[in-house]
Amino acid sequence: MKTRITELLGIEHPIIQGGMHYVGLAELASAVSNAGGLGIITGLTQRTPELLAREIARCRAMTDKPFGVNLTFLPAVTPPDYPGYVKAIIDGGVKVVETAGNNPQQWLPALKEAGIKVIHKCTSVRHALKAEAIGCDAISVDGFECGGHPGEDDVPNFILLPRAAEALKVPFVASGGMADGRSLVAALALGAEGINMGTRFIATQEAPVHENVKRAIVAASELDTRLVMRPLRNTERVLTNSAVERLLQKERALGAAITFQDILPEVAGVYPRIMQNGDMEAGAWSCGMVAGLIRDVPTVRQLIDAIMAQARDIIAGRLAGTLH
């Protein structure tokens with residue numbers, strides 16, 4: 001399947017693995033790239049630029065295909081060493097960067113000069129237009145269904161993708177709610193050039209997370225996610241558990257007076273405890289509504305091959321068969 005995204009990134013299939021905290025390690029990124037998609041290492045999971053450089057080298061040893069690095073720009077009291085991370089990416093010969101969070105404008109000249117393609121993740125058309133204007137090569141359009149941060153507009157992909165198609169000149173991929181060949185064909189029909197999957201890739205054999213996490217995703221329905229931190233205008237979609245329900249109770253009780261300090265026990269430092277130790281009640285962790293469509297834990301190659309086969313069957317069979 002050939003789209004503007006496969007051409008831009010030099011990949012076989014229009015499938016990108018999104019950056020995910022404590023999930024996007026070399027094991028998963030290389031497996032996705034080896035299966036014909038674009039695997040992505042999560043930059044900030046590596047605590048220092050030196051550790052990121054090591055992870056990039058580890059991934060390079062596992063695949064000779066293109067892979068990317070996710071770099072999320074977040075407001076922080078003590079910001080990460082972003083110049084160091086950018087240097088590690090450039091020095092590591094990475095050719096694709098997925099940026100997210102704040103505007104990546106100040107980092108674009110250095111990335112561009114190194115011949116790196118930049119995909120910026122956006123939850124609204126206005127942000128996507130801004131990303132296009134500053135020179136991003138592609139956009140990951142993130143609908144309200146997504147795990148992690150869906151923004152504050154609450155526009156699902158059935159509306160957001162065609163709006164993006166009307167407004168953007170650069171290619172974009174659909175992110176949020178993507179799980180299978182049906183998702184891919186629907187995304188293409190709505191104007192996207194491919195799909196970005198996060199939650200679906202956690203439930204694969206190569207994902208370097210605890211089995212409890214994979215089991216929780218398979219067991220979950222589309223009704224089992226919750227939106228937290230909405231009063232702080234930092235909304236995150238997470239899988240429900242006792243810590244999440246406790247957090248929501250605090251939000252109800254404290255109302256507009258709630259501060260980040262109030263919810264620290266439920267959100268601070270929980271990812272290693274969940275993803276590595278399998279403590280499923282430790283706190284809030286990102287998960288998309290797409291969990292309702294995930295029923296197995298295949299290898300990455302089995303997953304990508306099945307998505308492409310199903311997409312071809314739908315396009316060449318069911319859809320072609322409706323035309324007279």
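A brief report on the enclosed structure follows. (Residues numbered from 1 in each chain as written. Predicted model: local features only at pLDDT ≥ 70, side-chain atom pairs only at ≥ 80, totals over all residues. Heavy atoms only, no water.)

So, the overall build of the protein
Then comes step 1: Within the protein one finds 14 helices and 10 strands.
Then comes step 2: Relative to a compact globule of 324 residues, whose C-alpha radius of gyration would be 20 Å, the protein shows 19 Å and is just as compact.
Then comes step 3: Its C-alpha atoms give the protein principal-axis dimensions of about 60 × 45 × 40 Å.
Then comes step 4: When each of the 324 residues of the protein is scored for burial, the buried share is 53%.
Then comes step 5: When contacts within the protein are restricted to residue pairs at least 6 apart in sequence, those whose partners lie at least 24 apart make up 62%.
Then comes step 6: Carbon together with sulfur atoms contributes 55% to the accessible area of the protein, which is approximately 13800 Å² in total. (Helix = DSSP H or I, 4+ residues; strand = E, 2+ residues; numbered from the N terminus. Rg over C-alpha atoms; globule rule 2.2 N^0.38 Å. Buried < 20%, exposed > 50% of the residue type's maximum accessible area, 1.4 Å probe, protein only. Contact = heavy atoms within 4.5 Å. Areas by Shrake-Rupley, 256 points an atom, 1.4 Å probe, with all protein chains shown as cover.)

Describing the side chain of Arg237
Then comes step 1: Structurally, the position occupied by Arg237 is in strand S10 (residues 236–239).
Then comes step 2: In this structure, Arg237 is buried with no salt-bridge partner, the nearest side chain bearing the opposite charge being Asp154 at 7.0 Å.
Then comes step 3: One polar contact links the side chain of Arg237 to the main-chain carbonyl oxygen of Cys146, over a distance of 3.3 Å. (Lys, Arg positive; Asp, Glu negative; His and termini not counted. Salt bridge = Lys/Arg side-chain N within 4 Å of Asp/Glu carboxyl O. Polar contact = N/O pair within 3.5 Å; in protein donor to acceptor, adjacent residues only side chain to side chain.)

A word on the environment of Tyr271
Then comes step 1: Along the polypeptide, Tyr271 turns up in helix H13 (residues 270–276).
Then comes step 2: The exposure class of Tyr271 is buried, given its relative accessible area of 15%.
Then comes step 3: For the pair Tyr271 and Gly283, spaced 12 residues apart in sequence, the C-alpha separation works out to 8.1 Å.
Then comes step 4: Excluding its chain neighbours within four sequence positions, the residues that come into contact with Tyr271 are His21, Tyr22, Glu236, Gln276, Ala284, Trp285 and Ser286.

Remarks on the pattern of salt bridges
Then comes step 1: On inspection of all chains with the given rule, the structure shows 17 salt bridges.
Then comes step 2: Salt bridges sharing common partners tie together Glu27, Glu55 and Arg58.

Observations concerning the pairing of strand S6 (residues 138–142)
Then comes step 1: Counting buried positions over the 5 residues of S6 gives 5, a clear majority of the element.
Then comes step 2: Neither face of S6 is exposed, since Ala138, Ser140 and Asp142 on one face and Ile139 and Val141 on the opposite face are all buried.
Then comes step 3: Where strand S5 (residues 117–122) lies against S6, 4 bridges are found, and the strand directions are parallel. If you follow His120 over to S6, its bridge partner there is Ile139.
Then comes step 4: Taken together, S5, helix H6 (residues 125–134) and S6 constitute a β-α-β crossover, and its handedness is right-handed.
Then comes step 5: Taken together, the 4 bridges between S6 and strand S7 (residues 172–175) define a ladder with parallel strand orientation. For Ile139, the partnering residue across the bridge sits in S7 and is Phe172. (Pairing = 2+ DSSP bridges. Right-handed = clockwise from strand over helix to strand, strands pointing away.)

Considering the side chain of Arg200
Then comes step 1: For Arg200, the position within the fold is in helix H9 (residues 199–202).
Then comes step 2: Within the local environment of Arg200, its side chain forms a polar contact with the backbone oxygen of Ala203, the two atoms lying 2.9 Å apart.
Then comes step 3: Sequence-distant contacts of Arg200, defined by excluding residues within four places in its chain, comprise Met178, Ala179, Ile294, Asp296, Val297, Pro298 and Leu303.

A word on H6
The α-helix winds at 3.6 residues per turn, so residues separated by three or four positions along the chain end up facing the same way.
Then comes step 1: Among all positions in H6, only Val125, Ala128, Ala131, Glu132 and Ile134 are buried.
Then comes step 2: Buried-residue contacts for H6 involve helix H5 (108–113), S5, S6 and helix H7 (157–167).
Then comes step 3: Phi for Gly135, located one or two positions after H6, is positive at around 110°.

Some details on the packing of H6 against H7
Then comes step 1: At a minimum axis distance of 10 Å, the contact between H6 and H7 shows a crossing angle of 35°. For H6 against H7, the interelement crossing comes out right-handed. From H6, Val125, Leu129 and Glu132 reach across to H7, where they touch Leu160, Arg163, Ala164 and Ala167. (Axes fitted to C-alpha atoms, helices over the stretch in contact; angles between N-to-C directions. Left-handed = near helix turned anticlockwise from the far one by under 90°.)

Some details on the pairing of strand S2 (residues 39–42)
Then comes step 1: Covered by surrounding structure in S2 are Gly39 and Ile41 together with Ile40 and Thr42, the residues of both alternating faces.
Then comes step 2: Where S2 and strand S3 (residues 67–73) come together, 4 bridges link them in parallel fashion. Paired with Gly39 across the bridge in S3 is Phe67.
Then comes step 3: Regarding topology, helix H3 (residues 49–62) serves as the crossover connection from S2 to the parallel S3, and that connection is right-handed.

Describing the packing of aromatic side chains
Then comes step 1: Per the stated rule, a full pass over the model turns up 3 aromatic pairs.
Then comes step 2: Ring centres 5.9 Å apart and planes at 5° place the aromatic pair Phe73 and Trp107 in the stacked group. Taken together, the residues Phe73 in strand S3 and Trp107 in the loop between strand S4 (96–101) and H5 connect sequence positions 34 residues apart.
Then comes step 3: Residue classification places Phe73 among the buried residues on the basis of a relative accessible area of 5%.
Then comes step 4: Owing to a relative accessible area of 14%, Trp107 belongs among the buried residues under this scheme.
Then comes step 5: Plain terms: the ring middles of Tyr82 and Trp107 are 6.2 Å apart, the flat faces sit at 50° to each other, and that makes the pair tilted. Taken together, the residues span a long stretch of sequence, with Tyr82 in helix H4 (residues 82–91) and Trp107 in the loop between S4 and H5 at a distance of 25 residues. Per residue, the accessibility class of Tyr82 equals that of Trp107, and both read buried.
Then comes step 6: Taken together, the ring pairs connect Phe73, Tyr82 and Trp107 into an aromatic cluster. (Phe/Tyr/Trp six-rings, centres within 6.5 Å; stacked < 30°, edge-to-face > 60°.)

On their own, these measurements won't tell you what the molecule is for.
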